[in-house]
Amino acid sequence: SSCGEVSGRGVCQDVVPSNSPVGAQFPFSGIDDRENWPIVFYNRTCQCQGNFMGYNCGECRFGYTGPNCTVRRNMIRKEIFRMTTAEKDKLIAYLNLAKRTISPDYVITTGTYEQMNNGSNPMFADINVYDLFVWLHYYASRDAFLEDGSVWANIDFAHEAPGFLPWHRFFLLLWEREIQKVTGDDNFT
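Residues numbered from 1 in each chain as written. Predicted model: local features only at pLDDT ≥ 70, side-chain atom pairs only at ≥ 80, totals over all residues. Heavy atoms only, no water.

**Describing the overall build of the chain**
Using the following cut-off: In this description a helix means any DSSP run of H or I spanning at least four residues, a strand means any run of E spanning at least two, and both kinds are numbered starting from the N terminus. The buried label goes to any residue with under 20% of its type's maximum accessible area, the exposed label to any with over 50%, and the partly exposed label to all in between, with areas taken from a 1.4 Å probe on protein chains only. Residue contacts follow a heavy-atom distance rule, with two residues in contact if any of their heavy atoms lie within 4.5 Å. Methods summary: accessible areas were calculated by the Shrake-Rupley approach with a probe of 1.4 Å, and residue burial reflects only the protein chains presented. Think of it this way: Lys and Arg go in the positive column, Asp and Glu in the negative one, and His and the chain ends go nowhere. Every charge is mapped onto a representative atom, which is NZ of Lys, CZ of Arg, CG of Asp or CD of Glu.
Tallying secondary structure elements over the chain gives 3 helices and 10 strands in all. Starting at the N terminus and walking to the C terminus, you meet the elements of the chain as β-β-β-β-β-β-α-β-β-α-β-β-α. Across its three principal directions, the C-alpha atoms of the chain cover 50 × 45 × 30 Å. Across the 189 residues that make up the chain, the buried fraction comes to 30%. Considering only intrachain contacts with a sequence separation of at least 6, the fraction spanning at least 24 residues in the chain is 56%. Element-wise, carbon and sulfur atoms account for 54% of the exposed surface of the chain, whose accessible area totals about 12,000 Å². In the chain, 17 side chains carry a positive charge and 22 a negative one; their mean positions are 12 Å apart.

**Focus on unusual backbone geometry**
With a phi close to 65°, cysteine 3 is a non-glycine residue in the positive phi region. A relative accessible area of 4% means that cysteine 3 is categorised as buried. Backbone geometry places cysteine 57, a non-glycine residue, at a positive phi of 60°. Note on placement: cysteine 57 falls in the loop between strand E3 (52-53) and strand E4 (59-60). Cysteine 57 gets classed as buried once you look at its relative accessible area, which sits at 0%.

**A few points about helix H2 (residues 129-141)**
Selection rule: The span expected for a helix works out to 1.5 Å for each residue beyond the first. A 3.5 Å cut-off defines polar contacts: any pair of N or O atoms within that distance qualifies, except that in protein one atom must be a possible hydrogen donor and the other a possible acceptor, and neighbouring residues in sequence count only when both atoms are side-chain atoms.
Taking 1.5 Å of rise per residue, the 13 residues of H2 would be expected to cover 18 Å, and the 19 Å separating its terminal C-alpha atoms lies within 8% of that figure. All of the buried residues along H2 are Val129, Leu132, Phe133, Trp135, Tyr139, Ala140 and Ser141. On its buried face, H2 is in contact with helix H1 (85-99), strand E7 (102-109), strand E8 (124-128) and helix H3 (164-183). Sitting at the amino-terminal end of H2 is asparagine 128, which places a side-chain oxygen 3.1 Å from the backbone nitrogen of tyrosine 130.

**Here we look at H3**
Here H3 is 20 residues long and its end C-alpha atoms lie 29 Å apart, about the 28 Å a rise of 1.5 Å per residue gives. Against E3, E4, H1, E7 and H2 lie the buried residues of H3. Looking one or two residues past H3, glycine 184 carries a phi angle of roughly 75°, positive in sign.

**Description of the environment of asparagine 121**
Locating asparagine 121 in the fold gives a position in the loop between E7 and E8. A residue is classified by how much of its surface remains accessible, and asparagine 121, at 42% relative accessible area, is partly exposed. Considering only alpha carbons, one finds asparagine 121 and leucine 132, 11 residues apart in sequence, at a separation of 22 Å. Look past the residues within four positions of asparagine 121 in its chain and what remains in contact with it is Gln115 and Met116.

**Topic: the UniProt feature "domain: Tyrosinase copper-binding" (unreviewed entry) in the chain**
Selection rule: UniProt positions are given in the numbering used here, feature names are shortened, and annotations may be inferred rather than shown by experiment.
Cross-referencing UniProt, the feature "domain: Tyrosinase copper-binding" (unreviewed entry) maps to residues 159-176 in the present numbering. The span residues 159-176 shows a helical share of 72% and a strand share of 0%, and its end C-alpha atoms are spaced 21 Å apart.

**Let's talk about the side chain of arginine 177**
Along the chain, arginine 177 falls in helix H3. For arginine 177, a relative accessible area of 12% puts it in the buried group. Among the polar contacts listed, one links the side chain of arginine 177 to the backbone oxygen of cysteine 60, at a separation of 3.0 Å. Each residue touching arginine 177, except ones within four places of it in the same chain, is listed here: Met53, Glu59, Cys60, Arg61 and Phe62.

**A few points about the state of the cysteines**
Note the cut-off: The disulfide criterion used throughout: a pair of cysteine sulfur atoms within 2.5 Å.
Summed over the entire model, instances satisfying the criterion amount to 3 disulfides. Bridging cysteine 60 to cysteine 69, the disulfide has an S-S length of 2.1 Å. Between cysteine 60 and cysteine 69 the disulfide shows an S-S torsion of about -85°. By sign, it is left-handed. Residue cysteine 60 shares its accessibility class with cysteine 69, and that shared class is buried. Sequential numbering of the bridged cysteines in the chain gives the disulfide pattern 1-2, 3-4, 5-6. Among the cysteines around cysteine 12, which has no disulfide bond, cysteine 3 carries the closest sulfur, lying 4.5 Å off. On the basis of relative accessible area, cysteine 12 is assigned to the partly exposed category, the value being 28%.

Below is the structure:
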């Protein structure tokens, strides 16, 4: 069932974007795909219950495991300069595997909402797991494309805003999760 409604993992609901102003540092309104993310691309999503998460509430929230996501699991990241040669080799091998593995769950947009004719001409493509994270980081920090075809380069939503730390923390957790899925190594951090 969508969002795991039958099993109680989650429910489908409307996306309600924030109505908070973007701030004086971005003097435009209604021109960037990211202003009311994700409403320009979809308007319904899963609201996961308990310790479930994911686009379909089919995974455990970070830090949990087990069939009902009730078992607490602590993962410790090792500082890269303290990794053994074997651990570094494994990391490189995992990254190379991610570069050769198409994501089974995600696609990327290949055009702006305007280029998609306000959504009536979808422009999406498959992507490998490694490049998915390159793209996510780019999309969050890229320049804003203005209505007249010019570019507003004076903004970086991923790095020049209050969400810098929590966004990158979530980014890293999601990256680790996807590498774990690609490799089958649930202990990868």
